[in-house]
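Report on the structure
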Amino acid sequence: MTFLSFLISGLSLGSVYAIIALGYTMVYGIAKMLNFAHGDVIMVGAYVCFFATTRWDLPPTVGVLLAMVVCTVLGVLIERLAYKPLRSASSLAVIITAIGVSYFLQNAAQLLWTSNPKVFTSVVGNSLIKLFDGRLTISVIAIITITACIVIMAALTWFTGKTKMGKAMRACSEDKGAAQLMGIDVNFTISVTFAIGSALAAIAGVLLCSAYPTLMPTTGAMPGIKAFTAAVFGGIGSIPGAMIGGLLLGIIEIFGKGYISTQLSDAIVFAVLIITLLVKPAGLLGKQTTEKV
Amino acid sequence: MLKVNDINVFYGAIHAIKGVSFQVNKGEIVTLIGANGAGKSTVLKTISGLLRTKTGGINFLEENITSTAPHKIVERGLAHVPEGRRIFLQMTVQENLEMGAYTCPSGGVEAELEKVYAQFPRLMERRRQVAGTLSGGEQQMLAIGRSLMSHPKLLMLDEPSMGLAPILVEQIFSIIQEMNKAGTTILLVEQNAQMALSIADRAYVLETGAISISGTGKELSESDEIRKAYLGG
Ligand SMILES: Nc1ncnc2c1ncn2[C@@H]1O[C@H](COP(=O)(O)OP(=O)(O)O)[C@@H](O)[C@H]1O
Ligand SMILES: [Mg+2]
């Protein structure tokens, strides 16, 4: 039973990583940049939902929607103001800017909301489901998180596979010059990608804080790095890769905590990543591709 | 239809195009020939908006497109099949064609697909296949088919014969002539000067970023200078 209970916690945490990793991977796919501020967008989303539900007494669904709207706008603004001017700059300059934006968001959150932790109220309450005569308890938020992850994955697969905008995104990811020659507005397509990734970050923030209720300006940093790891683990740029990478990472982390050592769990996660990358440098589902300008 | 007026294009400090002017009239096949590195691709990229001129201007259908965004230029009816084909290798053949019709209202895409499939039955057979698995010739067909999806008024082709077996080159050139007869104006860039001159109404020779000679296709293929430099004697 502990095994099953660990597995469900792992899948649930992994689902949060997967949802964040999808944002990382989509943005990387199209803009070929690592948006290190992505984790902090999660934190902003969680704060927005916190204020909406706890301070303004709005219903949880409204809180989540508001968080998604705010994060979408924030993500698009970050891209326009910070990254777009660097479209043809060196990747080092872009990474430094992304780290700068990340700290900017954390510091702005500190100024606005102080660094005192807030206690996030779960958007679905804290109810538990007891199975097998109470030997296995599952939290409702875990089930909702896993379901949300599956729904998001299915929706994104449909979007990128079947819609005109989704196909344009794939075209831009592969060859921006050729995409422009097709009449695709590459800047607009990149904005849409940031918008989707940031809306997903808001959902991830709410789910994360519903399960782990301490909310601080640095709340998004560690999950952001883990999700980045998950995206690389699965093969950066690959949507199913982000999903698998996220889930595996969550499971490894919880099993590591449960069976090996709580203190070492993060080290175990990164050890697995390093070994995977030694064996498969492009990640589990990644493709080795060459870039054309 | 297309007027290129004294354009100067730079790659950083490299002055790649030095005051090039030429024009393409409605219904013509015009070819731009020249050695490797002369600047042919740079000229096409500048026309389609991927590169910008420092000075000079470009007019298409009586409108100034010198600083128009590339995707807006496509909407106006100017298609560019780039050097090296640049098809989307990870997308299916049909998805590639759909991307070609990106600027068209989605209602008309089916009809356009049918037309292109009728012209290139090979693509029809392989429509669900990922484009990266096509042979070189099929990829070039796909690149041309894709550019036709937007119904261009002017089609610019950058070395469509590159890397293809002679029989496929013949086929590509006859397709170009057919498209021209069907009403598409063509600007053809080629290193294969002989083939290009044989189908061209007019031709320009580009030499290290400037136009050195121009004339009708016939004049140029008979000129001694051209024969020595580009036609192997
Ligand atoms: N991206 C680039 N950066 C710097 N120089 C370039 C670039 N692309 C082309 N060039 C230079 O510009 C000149 C013209 O190139 P190009 O237009 O590709 O020639 P062509 O198509 O006639 O072979 C060449 O000298 C080439 O080295
Ligand atoms: Mg060239």
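1. Here's the deal with the pattern of salt bridges
Applying the stated criterion across every chain yields a total of 15 salt bridges over all chains. The salt bridge partner of A:Lys167 is B:Glu98, with a shortest N-O separation of 2.4 Å. Of this pair, A:Lys167 sits in helix α6 (residues 164-174) while B:Glu98 sits in helix α3 (residues 93-100), placing the two residues on different chains. Taken individually, A:Lys167 and B:Glu98 each receive the classification buried, so the pair is uniform in this respect. Across the salt bridge formed by A:Arg170 and B:Glu95, the nearest N and O atoms sit 2.7 Å from each other. A residue pair is termed interchain when its members come from two chains, as with A:Arg170 in helix α6 and B:Glu95 in helix α3. For A:Arg170, a relative accessible area of 24% puts it in the partly exposed group. Since its relative accessible area comes to 10%, B:Glu95 is described here as buried.

2. Some points on the site of ligand 1
Residues and elements named next belong to chain B. Residues in close proximity to ligand 1 include Tyr 11, Ile 14, Ala 16, Ala 35, Asn 36, Gly 37, Ala 38, Gly 39, Lys 40, Ser 41, Thr 42 and Glu 83, which together make up its full environment. A distance of 2.7 Å is found between an oxygen atom of ligand 1 and a backbone nitrogen or oxygen belonging to Gly 37. In the environment of ligand 1, an oxygen atom lies 3.2 Å from a nitrogen or oxygen atom belonging to the backbone of Ala 38. For ligand 1, whose accessible area on its own is 560 Å², the fraction buried by protein is 61%.

3. Details of helix α1 (residues 2-31) of chain A
The end-to-end C-alpha distance of α1(A) is 42 Å, a good match for the 44 Å that 30 residues give at a rise of 1.5 Å each. A positive phi of about 50° marks A:Lys32, the residue just after α1(A).

4. Comments concerning the state of the cysteines
The term disulfide refers to a covalent linkage connecting the sulfur atoms of a pair of cysteines. Using the criterion set out here, one finds zero disulfides over all chains in the structure. As a non-bridged cysteine, A:Cys49 has A:Cys209 as the owner of its nearest cysteine sulfur, 8.8 Å distant. We note that A:Cys172 lacks a disulfide partner, and the nearest cysteine sulfur, in B:Cys104, lies 17 Å from it. Given the relative accessible area of 1%, A:Cys172 is considered buried.

5. Examining the sheet that holds strand β7 (residues 154-158) of chain B
Residue and element names in this part refer to chain B. Strand order in this open sheet of six strands is β6-β7-β8-β3-β9-β10, and the pairing throughout is mixed. Only two strands of the sheet have a single neighbouring strand rather than two, namely β6 (78-81) and β10 (210-216). Neighbour-to-neighbour, the strand axes of this sheet turn through a mean angle of 15°, independent of strand direction. Along the sheet, helix α6 (residues 136-148) makes contact with β6 and β7, crossing β6 at roughly 170°.

6. Side note on the packing of helix α9 (residues 221-234) of chain A against helix α10 (residues 239-260) of chain A
Residue and element names in this part refer to chain A. It is at 7 Å that the axes of α9 and α10 come closest, and there the two elements cross at 120°. Classified by the interaxial angle, the pair formed by α9 and α10 is oblique. Considering how the two elements wind past one another, α9 and α10 form a crossing that is right-handed. The residues of α10 that touch α9, namely those facing Lys 226, Thr 229, Ala 230, Phe 233 and Gly 234, are Gly 241, Gly 245, Gly 246, Leu 248, Leu 249 and Glu 253. When grouped by side-chain class, the residues that make up the contact of α9 with α10 number four nonpolar, five polar and two charged.

7. A look at the interface of chain B and chain A
Counting from both sides, the interface comprises 23 residues of chain B and, opposite them, 22 residues of chain A. At the boundary of chain B with chain A, total buried surface from both sides reaches about 2100 Å², with 58% on carbon and sulfur atoms. By the criterion of area lost to chain A, the three top residues of chain B are B:Arg86, B:Phe88 and B:Tyr102, representing 33% of everything that side buries. Taken together, the links from chain B to chain A amount to three salt bridges. Across the pair B:Arg86 and A:Asp175 runs a salt bridge, and its minimum N-O distance is 2.5 Å. Counting every contact that joins chain B to chain A gives eight residue pairs in polar contact (both at pLDDT 80 or more).

8. Things to note about the sheet that holds strand β4 (residues 55-60) of chain B
All names here are of chain B. Pairing within the open sheet is antiparallel, and its four strands lie in the order β2-β1-β4-β5. Looking at the sheet topology across the chains shown, the edges are occupied by β2 (14-24) and β5 (63-64). The pairing of β4 with β5 spans two bridges and is antiparallel. By the bridge assignment for β5, Asn 59 is matched with Asn 64. Running over the sheet, helix α1 (residues 40-47) touches β1 (2-11), β2 and β4 and is turned about 115° from β1.

9. As for the pairing of strand β3 (residues 29-33) of chain B
Residues and elements named next belong to chain B. Taking burial as the measure, the five residues of β3 include five buried ones, the bulk of the element. What you see with β3 is no split at all: Ile 29, Thr 31 and Ile 33 on one side and Val 30 and Leu 32 on the other are buried throughout. As paired strands, β3 and strand β8 (residues 185-190) are joined by five bridges and run parallel to one another. Bridge pairing links Leu 32 to Val 189 in β8. Pairing between β3 and strand β9 (residues 202-207): four bridges, direction parallel. Note that in β9 the partner of Leu 32 across the bridge is Tyr 204.

10. A look at the coordination of the magnesium ion (ligand 2)
Each donor-metal-donor angle in an ideal tetrahedron of four donors is 109.5 degrees, and each such angle in an ideal octahedron of six donors is either 90 or 180 degrees. Residue and element names in this part refer to chain B. In this structure, Ser 41 (OG) and Glu 83 (OE) serve as the protein donors to the magnesium ion (ligand 2), at separations of 2.0 to 2.2 Å. Here the residue Ser 41 occupies a position in helix α1, and Glu 83 occupies one in the loop between β6 and α3, the gap between them amounting to 42 residues. For Ser 41, a relative accessible area of 14% translates into the label buried.

How each quantity is defined
- Note that residues are indexed from 1 along each chain, following the sequence as it is written.
- For this description, chains carry letters from A and ligands carry numbers from 1, given in the order in which they are written.
- The model is predicted, so local features are restricted to residues of pLDDT at least 70 and side-chain atom pairs to those at 80 or more, both for listing and for counting; the totals for chains, interfaces and linings are taken over all residues.
- Excluded from the side-chain calculation are hydrogens and water; included are all heavy atoms of the structure.
- In what follows, salt bridge is the name for a side-chain nitrogen of Lys or Arg lying within 4 Å of a carboxyl oxygen of Asp or Glu.
- Numbering of helices and strands runs from the N terminus, with a helix taken as a DSSP run of H or I at least four residues long and a strand as a DSSP run of E at least two residues long.
- The buried label goes to any residue with under 20% of its type's maximum accessible area, the exposed label to any with over 50%, and the partly exposed label to all in between, with areas taken from a 1.4 Å probe on protein chains only.
- When at least one non-hydrogen atom of a residue lies within 4 Å of a molecule or strand, that residue is treated as near it.
- Pairs of N or O atoms are called polar contacts if they sit within 3.5 Å, as long as, within protein, a hydrogen donor faces a hydrogen acceptor (for residues adjacent in sequence, only side-chain-to-side-chain pairs).
- Note that accessible areas follow from Shrake-Rupley with a 1.4 Å probe, and for residues the cover is restricted to the protein chains shown.
- The span expected for a helix works out to 1.5 Å for each residue beyond the first.
- Counting rule for disulfides: a pair of cysteine sulfur atoms within 2.5 Å.
- Two strands pair if DSSP finds at least two bridges between them.
- Axis definition: a line fitted to C-alpha atoms, over the contacting stretch in the case of helices. Angles run 0 to 180 degrees between N-to-C directions.
- Only heavy atoms matter for contacts: two residues are in contact if any of them lie within 4.5 Å across the pair.
- Convention used here: angles under 35 degrees read as roughly parallel, angles over 145 as roughly antiparallel, angles from 65 to 115 as roughly perpendicular, and any remaining angle as oblique.
- By the definition used in this description, the sense in which the near helix is turned from the far one sets the handedness, with an anticlockwise turn below a right angle giving left-handed and a clockwise turn giving right-handed.
- Basically, the charged four are Asp, Glu, Lys and Arg, the nonpolar ten are Ala, Val, Leu, Ile, Met, Phe, Trp, Tyr, Cys and Pro, and anything else, Gly included, counts as polar.
- For any pair of parts, buried area is found by adding up, for both, the accessible area (1.4 Å probe) each one loses once the two are put together.
- Distances decide who is a donor: an N, O or S atom must be within 2.8 Å of the metal, or within 3.2 Å for Na, K and Ca. Water is not included, so sites may look incomplete.

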